[in-house]
Amino acid sequence: MRLEYFQLIDRIIDLNLTDLTIRVEANVPTESTIFEGHFPGRPLMPGVLLIESMAQASGWLLIARNRFDKMPFLAAVKEAKLRTFVTPGQALTVSAKIMHEGSGFAMTEAEVAVDGKTVCNADITFRIVDFPKGEFLENMHAVAKRIGFQLEVPANG
């Protein structure tokens with residue numbers, strides 16, 4: 001996890017386009033400037049970043065589903081529940097499932113777990129648009145490779 005760069009996914013564990021599911025690994029760093037302010041003397045992973053980790057996992061699932069042709073952008077978060085605290089050094093498993101697609105939108109159900117216990121979950125809606133080309137697409141291909149994205153990506157995005 002690279003908190004300062006908003007890169008919250010370390011590795012894709014499982015990507016299943018038949019079941020429309022993804023599971024990823026995200027390890028909370030033991031040290032980060034974010035923890036200096038959240039909170040001094042009692043560092044906690046910000047809840048908004050837990051929600052972002054679910055959005056990023058969902059996003060990679062939608063990118064796989066659309067094979068880098070369409071890009072998901074966060075549109076809404078519903079029913080978000082932060083059930084307990086997450087602290088530096090914890091290993092997170094983030095999972096998501098596509099529940100609906102159509103009319104330029106997609107909806108997922110996602111959760112974050114620590115040691116098999118749910119720490120937060122949410123229903124997330126995305127606006128689906130044409131994938132930006134050029135440098136952005138090249139950068140996304142590099143991130144995909146770094147996190148173990150196994151879907152074959154187009155050579156001439």
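The structure this text deals with has already been given above.
The numbering scheme is per chain: residues are counted from 1 as the chain's sequence reads. With the structure being a predicted model, the display of local features is reserved for residues of pLDDT at least 70 and the display and counting of side-chain atom pairs for 80 or more, all residues being used for whole-chain, interface and lining totals. To obtain the side-chain values, all non-hydrogen atoms of the structure were included, while hydrogens and water were left out.

## Here's the deal with the nonpolar core
The line we're drawing: Here, nonpolar core means buried Ala, Val, Leu, Ile, Met, Phe, Trp, Tyr and Cys residues that are tied together by side-chain atoms lying within 4.5 Å of each other. With a 1.4 Å probe rolled over the protein chains alone, any residue whose accessible area is under 20% of its type maximum counts as buried; one over 50% counts as exposed, and the rest are partly exposed. Numbering of helices and strands runs from the N terminus, with a helix taken as a DSSP run of H or I at least four residues long and a strand as a DSSP run of E at least two residues long.
If you look at the biggest cluster of nonpolar residues, it comprises 46 residues, and the most contacted ones within it are Met 54, Trp 60, Phe 68 and Leu 92. Those elements giving two or more residues to this core turn out to be strand S2 (21-27), helix H2 (47-66), strand S4 (91-102), strand S5 (105-114), strand S6 (117-130) and helix H3 (135-146). The leading source of residues in this core is H2, at eleven residues.

## A closer look at the packing of aromatic side chains
Put simply, the rule reads: Only Phe, Tyr and Trp rings are paired, with Trp represented by its six-membered ring, and only when their centres lie within 6.5 Å; those with planes under 30 degrees apart are stacked, over 60 edge-to-face, the remainder tilted. Two conditions define a charge located above a ring, namely a distance within 6 Å from the ring centre to NZ of Lys or CZ of Arg, and an angle within 35 degrees of the ring normal.
All told, the structure shown has five aromatic pairs when counted by the stated rule. Taking the centre distance of 6.4 Å and the plane angle of 65° together, the rings of Trp 60 and Phe 68 count as edge-to-face. In this structure, Trp 60 and Phe 68 share a single accessibility class: buried. Here Phe 68 falls in the buried class, since its relative accessible area comes to 3%. Taken together through their ring pairs, the aromatic side chains of Trp 60, Phe 68, Phe 131, Phe 136 and Phe 149 make up a single cluster. For Arg 42, the ring lying beneath its charged end belongs to Phe 85, and the centroid distance is 5.0 Å. Against the face of Phe 105 rests Arg 127, its NZ or CZ located 5.0 Å from the ring centre.

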